Amino acid sequence: MCTQRAGATQDSRTSLDIPLEEIKEGKVSILGPKLELYSDKNRIEPCWAPVFYNPIMKMDRNISVAFLQSFSILTNKKLRICDALSATGIRGLRYAKEVENVEFVVLNDINRLAYDLMKINIERNGLEKIVTAFHSDANILLAYFARRGRRFNVVDVDPFGSPVPFLDNAIRAVENNGVLCVTATDLAPLMGVSKRACIRKYGALPIRSVFSREIGLRILIGYVVRTGAKYGLMVKPLLSYSSRHYMRLFLKVRTGKKRADESIDKLGYVSFCPKCGRVWVEKHFFSLEKKCINCSSKVEIGGPVWLGELCDKFLLKKTVGVFERFFGKREKGFKILKCILEESSMPPYFYTTDFIAKTYRFKKEPILSSIIRALEDMGYKATRTHFSSKGFKTYADISTIVEIYKSL
Ligand SMILES: C[S@@+](CC[C@H](N)C(=O)[O-])C[C@H]1O[C@@H](n2cnc3c(N)ncnc32)[C@H](O)[C@@H]1O
Ligand SMILES: [Zn+2]
C-alpha cells in the first residue's frame, strides 16, 4: 500500500513547527495545537488549528471508550481498531490506553502535520507496540483493509462535516459482527436547514420541525443501512445519539443478504402536520398521506429514515455501568446515556412543551414532568428524550396531548 507508516521501530522525530501544548484527556497526555491561538470572540475554532483538536468532543470520546469497553466484554473480542481520521490521534490513543482487551489500533490522517503529531503522541504515551500511524487518504487506507483477513472489528469515522464520502469503504473494512462508529457534523442538511443538500448527500428528505434532530439522526442511520445493504451487509444501531453540533452512531455490521433485507424493511417515513402538530409513521412511499386527516393541511414528509430502535438495550445498560465506573455519574454523557435507555422503544419522533403551547395558543407552558405524569396517569407510556430538554415521547395522539394541556 502506498502510504507512509510509523511503527515502533521508526524514528518519531519531526520537523513540526507549530505552537503546541500539553493536553490531558482520559488516561492519555498528548501534544496538541495551542488552542488559544485559534479563537474568535473567546470562542475556540478548532478547525483553524493546523491540526484539529476539539475539547468539546471529550464527552463523545468518553462515551466511545465506555461503549467499546462494553462491546469487548460482552463479545469477548480482542479489538482491532481503525481510527481512520485521527488528527492528533487522541481518540485512537484513548481507545488503546483505556479500553481493556485492545489488540492494536491504526491511526491515520491525510494531513502531514497530523501524522507527525500522531507519531509523537504514540511515543509520548508508550503505545508503540499496539498503535501504528498511517499518512493516507482514509478511503485508500480503508479500501486496502477491506479484504478477508485484514478487516478490523472496529472502524471509527470522525470526519469534518459529512461521513458520506467514507462510508462505502469504511463499512467494507468492518469484519462480520464488528462495529462501525460514525460521526456527522453537517447538521444543516440533516436537520433540514439545507434541504437540497440533504437530498443530494443522503438521498432523503429532512423535516424542519422541533424534532428535526431526531429525523436527521434517523436519516443518517438509514443512509448507512442502505450503504451496507448494497454489499449484502446488515447494519443495526447499537447506540446512536445527537448532542450539540454533532451526531454519533455505533452500528453493528453483519454479513447476510437476508439480514440486509430485514434492516431495509425497518426504513420508512415520518409525516408531520405543521398546522395541528400531528405526527405519524408511514412505511411505504407510494401510499403516503399528502393531507392531514385532522385538519386537511399539507403535511411534511421526512425520510427514508430508520424506524427501528436507536440502541441495543443490553449493550447500552452495560455501557452506562462502564461509564459510571470509568468517569463517574457526574461526568457529561452519563445523563444522556441514561435518557437514551429510557426513551428506547418509543416512537421515532417527539413533541416539545413549547411547540404544543404555541400551536394551540395556551397561555402557560406546562412543565415537562407534569405532562409526562399526566400521560402516564392516562395509561400512556411517556418519557423524556435526550434530543431536547423540552421534549417528550409518547404514543398518545395529538388530541389527547391537547386535552392534557387543557387539564393542567
Ligand atoms: C474532525 S477531525 C478528527 C478528529 C479526531 N478523530 C478527534 O477525535 O480529535 C477530521 C480529520 O480528518 C482529516 N481528513 C480529512 N480528509 C481526510 C481524508 N480524505 N483522509 C484522511 N484524513 C482526512 C483531517 O485532516 C482531520 O484531521
Ligand atoms: Zn393537521
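Residues numbered from 1 in each chain as written. Chains lettered and ligands numbered in written order. Predicted model: local features only at pLDDT ≥ 70, side-chain atom pairs only at ≥ 80, totals over all residues. Heavy atoms only, no water.

### Considering helix α14 (residues 398-407)
Looking at α14, one finds that the buried residues are Ile-398, Thr-400, Ile-401, Val-402, Ile-404 and Tyr-405. Residues of α14 that are buried in the fold lie against β16 (351-352), α12 (353-359), α13 (368-377) and β18 (388-394). (Buried < 20%, exposed > 50% of the residue type's maximum accessible area, 1.4 Å probe, protein only. Helix = DSSP H or I, 4+ residues; strand = E, 2+ residues; numbered from the N terminus. Contact = heavy atoms within 4.5 Å.)

### A few points about the side chain of Thr-183
As for its placement among the helices and strands, Thr-183 is situated in strand β10 (residues 174-184). Among the polar contacts listed, one links the side chain of Thr-183 to the side chain of Asp-158, at a separation of 3.2 Å. For Thr-183, the side chain forms a polar contact with the side chain of Arg-248, separated by 2.9 Å. If we ignore the near neighbours within four places in the chain, the residues touching Thr-183 are Met-57, Val-157, Asp-158, Pro-159, Gly-161, Pro-163, Tyr-246, Met-247 and Arg-248. (Polar contact = N/O pair within 3.5 Å; in protein donor to acceptor, adjacent residues only side chain to side chain.)

### So, the packing of helix α5 (residues 164-172) against helix α8 (residues 212-230)
For any two helices packed against each other, the geometry comes down to the angle between their axes and how far apart the axes lie. Put simply, α5 and α8 touch, their axes get as near as 10 Å, and they point 40° apart. The angle between the axes of α5 and α8 places the two elements in the oblique class. Where α5 crosses over α8, the two elements pack in a sense that is right-handed. Counted together, Val-164, Leu-167, Asp-168 and Ile-171 of α5 and Tyr-223, Val-224, Thr-227, Gly-228 and Lys-230 of α8 form the full contact between these two elements. In terms of residue class, the contact of α5 with α8 is made up of five nonpolar, two polar and two charged. (Axes fitted to C-alpha atoms, helices over the stretch in contact; angles between N-to-C directions. Parallel < 35°, antiparallel > 145°, perpendicular 65-115°, else oblique. Left-handed = near helix turned anticlockwise from the far one by under 90°. Nonpolar A, V, L, I, M, F, W, Y, C, P; charged D, E, K, R; others polar.)

### Considerations on the site of ligand 1
Close to ligand 1 lie 18 residues, the nearest being Arg-61, Leu-85, Asp-109, Ala-138 and Asp-158. At 3.1 Å, a backbone N or O of Leu-85 approaches a nitrogen atom of ligand 1. Within the side chain of Asp-137, an N or O atom sits 3.5 Å from a nitrogen atom of ligand 1. In isolation ligand 1 offers 600 Å² of accessible surface; the protein chains occlude 90% of this area. Among the residues forming the shell around ligand 1, the class breakdown is nine nonpolar, four polar and five charged. (Near = heavy atom within 4 Å. Areas by Shrake-Rupley, 256 points an atom, 1.4 Å probe, with all protein chains shown as cover.)

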